Amino acid sequence: MKTLKGCMLAKIKRSRREVFKRSDFTKMADYDQIGRALRELTQDGMLIKIAYGLYAKARTNRITSKPMIASPGGFAEACKEGLDRLKVDWEYNEPTKAYLKGKSLQTPGDFQPVIKDRFSRKFSSGNMKLKVLKTA
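Residues numbered from 1 in each chain as written. Predicted model: local features only at pLDDT ≥ 70, side-chain atom pairs only at ≥ 80, totals over all residues. Heavy atoms only, no water.

In terms of burial, strand E2 (residues 47-51) is largely enclosed, as four of its five residues are buried. Examined bridge by bridge, E2 and strand E3 (residues 54-60) share four bridges and lie antiparallel to one another. Across the sheet, Leu-47 pairs through a bridge with Lys-57, a residue of E3. Remark: two residues form the turn of the hairpin made by E2 and E3, two consecutive strands paired antiparallel; Gly-53 in that turn has positive phi of roughly 80°. (Buried < 20%, exposed > 50% of the residue type's maximum accessible area, 1.4 Å probe, protein only. Helix = DSSP H or I, 4+ residues; strand = E, 2+ residues; numbered from the N terminus. Pairing = 2+ DSSP bridges.)

If you want it as structure tokens, here you go:
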């Protein structure tokens, strides 16, 4: 018989997603059991918590041997997918829009989404934090 942690790990490895919500696992067990299993997976370096109820796939860094976000785009891509998974209405900021449209050659710095509706979650991983811009 497989443990809950084993079943969750199998689902994570099978999935094409890079970011998981806590609610993705609700059919497997109750709220507290899922929380314990997610905490164990985070301690084992299989997941990284990036926001309340959001976890990103992790891989081991070859240099530091510590877990890091496995997404090819790193923290910024994980945040984009997390915002999409939470169904937050967001868009790129003006410098990024100009760069993506080819109107600017200046590469934008950090990923700073413009949030159009109410949003208060904090995204962070290690020393990286997501700075969110709000519309007026």
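Another aspect to go through is the sheet that holds strand E6 (residues 114-115). Pairing within the open sheet is mixed, and its three strands lie in the order E5-E6-E9. Two strands lie at the open edges of the sheet, namely strand E5 (90-91) and strand E9 (133-134), each paired on one side alone. Pairing of E5 with E6, which is carried by two bridges, proceeds in the antiparallel orientation. Residue pairing across strands places Trp-90 opposite Ile-115, the latter belonging to E6.

In this section: the layout of surface pockets. Approximately 220 Å³ is the volume attributed to the largest pocket. Contributing to the lining of the largest pocket are 15 residues, with Ala-76, Lys-80, Gly-109, Asp-110 and Phe-111 lying nearest its centre. Those elements giving two or more residues to the lining of the largest pocket turn out to be helix H3 (74-85) and helix H4 (94-101). Ranked by the residues each element gives to the lining of the largest pocket, the list is headed by H3, at four residues. A class-by-class count of the residues in the lining of the largest pocket yields nine nonpolar, two polar and four charged. Approximately 160 Å³ is the volume found for the second largest pocket. Forming the walls of the second largest pocket are Phe-119, Ser-120, Arg-121, Lys-122, Phe-123, Ser-124, Lys-129, Leu-130, Val-132 and Lys-134. Of the residues assigned to the lining of the second largest pocket, the class counts are four nonpolar, two polar and four charged. (1 Å grid on protein atoms, 1.4 Å probe; cavity = no way out; pocket = protein on both sides within 12 Å on 5 of 7 lines; lining within 4 Å. Points joined across faces, edges and corners; volume = space filled by probe spheres on them. Nonpolar A, V, L, I, M, F, W, Y, C, P; charged D, E, K, R; others polar.)

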